[in-house]
Amino acid sequence: MKPTRKCNFCGKEFVARSGMQRYCCEECQTRAKESRKKRQRDFMNAVEPVIGLQCQEYLTFSKAAVLMGCSRQYVYKLVGEGKLAASRISSRMAFVRKADIEKMLEENPYHRVLPTQRRMKVCVPTKGKPRSTEATGRSQGTEVLDYISGEEVMTRYKVKKSWLYTTASRNQIPLCRIDGRNYYSRRHMDVLFGLSVDANDVKEWVTAKQAEELYGMNPGNLHTCVYRHHIPTKREYGVTYYAKEQLDALRRTDLLSDDRYITVKEAAGKYGMSTANICIIAKKNGIPTIKVGVRNLIMRSDLERIMAARMAQYGSYHIQPQNM
């Protein structure tokens, strides 16, 4: 029985006519030869531009991208951020010196961060101050950051992995990658999620929809109020929660159930006036109004005193116009 072989191109088994035969047919042999020539052409097309750039001092952005092995848009980004020097000679032509590329790479050496424990502290340069020579040491102009792993971030802030990667990149959260795992700055994550206090200390949370209905606010007002007054928030699986106790203290919802106060709408119905007239009377007589959500509250005793005086003087709550 004659031995069989596998074709080096298509992988089919065939009976070889000689010990040197590697392909099952002439078509596979021709296609294999064309494939080898194509790989050679692709290799030369990739190598020749780089070889030609080695002897050029001034490079366009496209050639600089080929030399650095990155995209042309990334070269524009480096130039825009001031990390790479470039010279513009016209409105449509700019050049980058190869010496400036080498200088940029020399000024930004790679430092690998080796954690000694799960929660590590890394020294990073602050904006506008000199760079530290050691990644884990202290020096003037540096800030020590507390880093936590991506798994801990997802567990603590209740977010998905895809959301974490996208949001951390968009908000430029400091991170370091060690042994295939990402570690993020704890302080920057707290700022991103709005956690000014420990989430475990907050007893009751409300969603955005519940806060809007409870306090009579629209989404824009709620966002502004939370931002200005630093209301503790947390985000779990795409849903934002707000600390109810802090919102209650800010919006003073307890006054709605206090018999000492009456709303402007209730006062208008009681005395047969419009809400605008009640507000004007309160302003002229120095009665302070308290805004709770979309409601305005007035001290009941002060309003009754003013309305009683109007009744005694004019015989009615309304002032009768004088005849001319």
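Residues numbered from 1 in each chain as written. Predicted model: local features only at pLDDT ≥ 70, side-chain atom pairs only at ≥ 80, totals over all residues. Heavy atoms only, no water.

Topic: the overall build of the chain
A count of helices and strands for the chain gives 13 helices and 15 strands. Among the 324 residues that make up the chain, the fraction classed as buried is 30%. Counting contacts in the chain only where the partners sit at least 6 residues apart, residues at least 24 apart contribute 49% of the total. Total accessible area on the chain is roughly 22900 Å²; 50% of this is exposed by carbon and sulfur atoms. (Helix = DSSP H or I, 4+ residues; strand = E, 2+ residues; numbered from the N terminus. Buried < 20%, exposed > 50% of the residue type's maximum accessible area, 1.4 Å probe, protein only. Contact = heavy atoms within 4.5 Å. Areas by Shrake-Rupley, 256 points an atom, 1.4 Å probe, with all protein chains shown as cover.)

A short note on the pairing of strand S4 (residues 87-90)
Both S4 and strand S5 (residues 93-97) contribute to a ladder of 3 bridges, which runs antiparallel. Each residue of the ladder has a partner; that of Ser 90, found in S5, is Met 93. From the end of S4 to the start of S5, which pair antiparallel, there are 2 residues. (Pairing = 2+ DSSP bridges.)

Quick word on the sheet that holds strand S12 (residues 239-243)
The 3 strands lie next to each other as S10-S12-S11, forming an open sheet whose pairing is antiparallel. The two strands at the open ends of the sheet, each matched to only one other strand, are strand S10 (205-207) and strand S11 (233-236). Averaged over all adjacent pairs, the angle separating strand axes in this sheet is 35°, with direction ignored. As judged from the 4 bridges shared by S11 and S12, these two strands associate in the antiparallel manner. Bridge pairing in S12 places Thr 233 opposite Tyr 242. Along the sheet, helix H8 (residues 208-215) makes contact with S10 and S12, crossing S10 at roughly 95°. (Axes fitted to C-alpha atoms, helices over the stretch in contact; angles between N-to-C directions.)

What to know about a positive patch on the surface
A cluster of like positive charges, contributed by Arg 22, Lys 33, Arg 36, Lys 37, Arg 39 and Arg 41, occupies part of the molecular surface. Mapped onto the fold, Arg 41 is located in helix H1 (residues 26-53). (Patch = residues over 30% accessible without salt bridge, like charges linked within 9 Å, V, L, I, M, F, W, Y side chains within 5 Å. Salt bridge = Lys/Arg side-chain N within 4 Å of Asp/Glu carboxyl O. Lys, Arg positive; Asp, Glu negative; His and termini not counted. Charge placed at Lys NZ, Arg CZ, Asp CG, Glu CD.)

A short note on the packing of aromatic side chains
This model, assessed by the stated rule, comprises 1 aromatic pair. Ring centres of Phe 61 and Tyr 76 lie 4.6 Å apart, and the angle between their planes is 65°; on these two criteria the pair is classed as edge-to-face. On the criterion of sequence distance, the pair formed by Phe 61 in helix H2 (residues 61-68) and Tyr 76 in helix H3 (residues 72-80) is long-range, its members being 15 residues apart. A relative accessible area of 8% places Phe 61 in the buried class. (Phe/Tyr/Trp six-rings, centres within 6.5 Å; stacked < 30°, edge-to-face > 60°.)

Concerning the sheet that holds strand S3 (residues 58-59)
Spatially, 3 strands are ordered S3-S5-S4 in an open sheet, and the strand pairing comes out antiparallel. Edge strands, defined here as strands with exactly one partner in the open sheet, are S3 and S4. Each of S3 and S5 touches helix H4 (residues 98-107); the most contacted strand, S5, lies at about 55° to it.

Overview of the environment of Trp 205
Residue placement: Trp 205 occurs in strand S10. Take Trp 205: its relative accessible area is 16%, and that puts it in the buried class. Sequence separation of Trp 205 and Lys 244 is 39 residues, and the distance between their C-alpha atoms is 5.3 Å.

Some details on the nonpolar core
In terms of nonpolar packing, the biggest core is built from 14 residues, with Met 273, Ile 278, Ile 298, Leu 303 and Met 307 touching the most fellow members. With 4 residues, the single largest contributor to this core is helix H11 (residues 264-271). The contact partners of Ile 278, leaving out residues within four places of it in the chain, are Val 264, Ala 267, Ala 268, Met 273 and Ile 298. (Core = buried A, V, L, I, M, F, W, Y, C linked by side-chain atoms within 4.5 Å.)

What about helix H6 (residues 161-170)?
Restricting attention to buried positions, one finds in H6 the residues Leu 164, Thr 167 and Ala 168. Down the axis of H6, the buried set is contained in an arc of 100°. They therefore lie on one face. Of the residues in H6, the exposed ones pointing more than 90 degrees away from the buried face are Ser 162, Ser 169 and Arg 170. Just beyond H6, the residue with positive phi is Gln 172, at close to 55°. (Arc of directions from axis to C-beta.)

Observations concerning the packing of H2 against H3
Relative to each other, H2 and H3 sit at 105°, their axes nearing to 8 Å. With respect to each other, H2 and H3 are oriented roughly perpendicular. The segment H2 lies against H3, with Phe 61, Ser 62, Ala 64, Ala 65 and Met 68 engaging Arg 72, Val 75, Tyr 76, Leu 78 and Val 79. Here the residues of the contact of H2 with H3 are counted per class, giving 8 nonpolar, 1 polar and 1 charged. (Parallel < 35°, antiparallel > 145°, perpendicular 65-115°, else oblique. Nonpolar A, V, L, I, M, F, W, Y, C, P; charged D, E, K, R; others polar.)

Thoughts on the packing of H11 against helix H13 (residues 300-314)
Any two packed helices are characterised by the angle at which their axes cross and by the distance between the axes. For the pair H11 and H13, interaxial distance at closest approach is 12 Å and the crossing angle is 30°. Our classification of the angle between H11 and H13 gives roughly parallel. Our pair here, H11 against H13, has a crossing hand that is right-handed. In contact with Ala 267, Lys 270 and Tyr 271 of H11, H13 contributes Leu 303, Glu 304 and Met 307. (Left-handed = near helix turned anticlockwise from the far one by under 90°.)

Digging into the side chain of Thr 263
Residue position: Thr 263 is located in strand S13 (residues 261-263). Only 3.1 Å separates the side chain of Thr 263 from the backbone nitrogen of Glu 266, close enough to count as a polar contact. Here Thr 263 is in contact with Arg 295, Asn 296 and Leu 297, once residues within four sequence places are set aside. (Polar contact = N/O pair within 3.5 Å; in protein donor to acceptor, adjacent residues only side chain to side chain.)

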